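Structure assessment
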Amino acid sequence: HCKLCDAGTFTSSSGRIACEACPAGSISEAGSTLCSFCPPGNYTSAKGFSECLQCSAGFFQKAEGTTKCDFCPPGTYSDAA
């Protein structure tokens, strides 16, 4: 019988014998056929994540699908903890 891919993994074609880990900066739910980019303000630092991590206080991220957050520049702040 066929098994669902675990959360954090996917397969996009039929006849596969294993699922692939989602790349860093993206996530998936169980049974996914593709991975979704983490939204701005969130990230994943490694492959195989099922949930995005929120940037910590003092950090930000304006782009989607990133692997890290950046320090807030001088004159700005983030309390998004």
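Look above for the structure.
Presented here is a report on the structure given in the accompanying data block.

Concerning the layout of surface pockets
- By volume, the largest pocket amounts to about 200 Å³.
- Contributing to the lining of the largest pocket are Cys2, Lys3, Cys5, Thr11, Gly15, Arg16, Ile17, Ala18, Cys19, Gly31, Ser32 and Thr33.
- Looking at the lining of the largest pocket residue by residue, the class counts come to five nonpolar, five polar and two charged.

Some thoughts on the environment of Tyr43
- Looking at the secondary structure, you find Tyr43 in strand S5 (residues 42-43).
- Spatially, the C-alpha atom of Tyr43 lies 6.6 Å from that of Gln54, the residues being 11 residues apart in sequence.
- Not counting residues within four places of it along the chain, the set of residues in contact with Tyr43 comprises Cys38, Cys52, Leu53, Gln54, Cys55, Thr66, Thr67, Lys68 and Cys69.

Some remarks on the side chain of Thr66
- Note on placement: Thr66 falls in the loop between strand S7 (59-60) and strand S8 (70-71).
- Residue Thr66 is classed as buried on the basis of its relative accessible area of 13%.
- Here the side chain of Thr66 touches Asn42 through a polar contact of 3.5 Å, landing on its backbone oxygen.

Quick word on the state of the cysteines
- Scanning the entire structure with this criterion turns up four disulfides.
- Through a disulfide, Cys5 is tied to Cys19; the S-S separation comes to 1.9 Å. Of note, the bridge from Cys5 to Cys19 carries an S-S torsion of about -85° and is left-handed in sense. In this pair, Cys5 is assigned in the segment before strand S1 (9-10) and Cys19 in the loop between S1 and strand S2 (20-21), connecting sequence segments 14 residues apart.
- The disulfide partner of Cys38 is Cys52, and the S-S distance across this bridge is 2.1 Å.

Considerations on the environment of Cys5
- Residue classification places Cys5 among the buried residues on the basis of a relative accessible area of 6%.
- When the C-alpha positions of Cys5 and Gly31 are compared, they lie 4.7 Å apart, and in sequence the two are 26 residues distant.
- Beyond its immediate stretch of four places on either side in the chain, Cys5 contacts Phe10, Thr11, Cys19, Ala30 and Gly31.

What counts and how
- Residues numbered from 1 in each chain as written.
- Predicted model: local features only at pLDDT ≥ 70, side-chain atom pairs only at ≥ 80, totals over all residues.
- Heavy atoms only, no water.
- 1 Å grid on protein atoms, 1.4 Å probe; cavity = no way out; pocket = protein on both sides within 12 Å on 5 of 7 lines; lining within 4 Å.
- Points joined across faces, edges and corners; volume = space filled by probe spheres on them.
- Nonpolar A, V, L, I, M, F, W, Y, C, P; charged D, E, K, R; others polar.
- Helix = DSSP H or I, 4+ residues; strand = E, 2+ residues; numbered from the N terminus.
- Contact = heavy atoms within 4.5 Å.
- Buried < 20%, exposed > 50% of the residue type's maximum accessible area, 1.4 Å probe, protein only.
- Polar contact = N/O pair within 3.5 Å; in protein donor to acceptor, adjacent residues only side chain to side chain.
- Disulfide = S-S within 2.5 Å.

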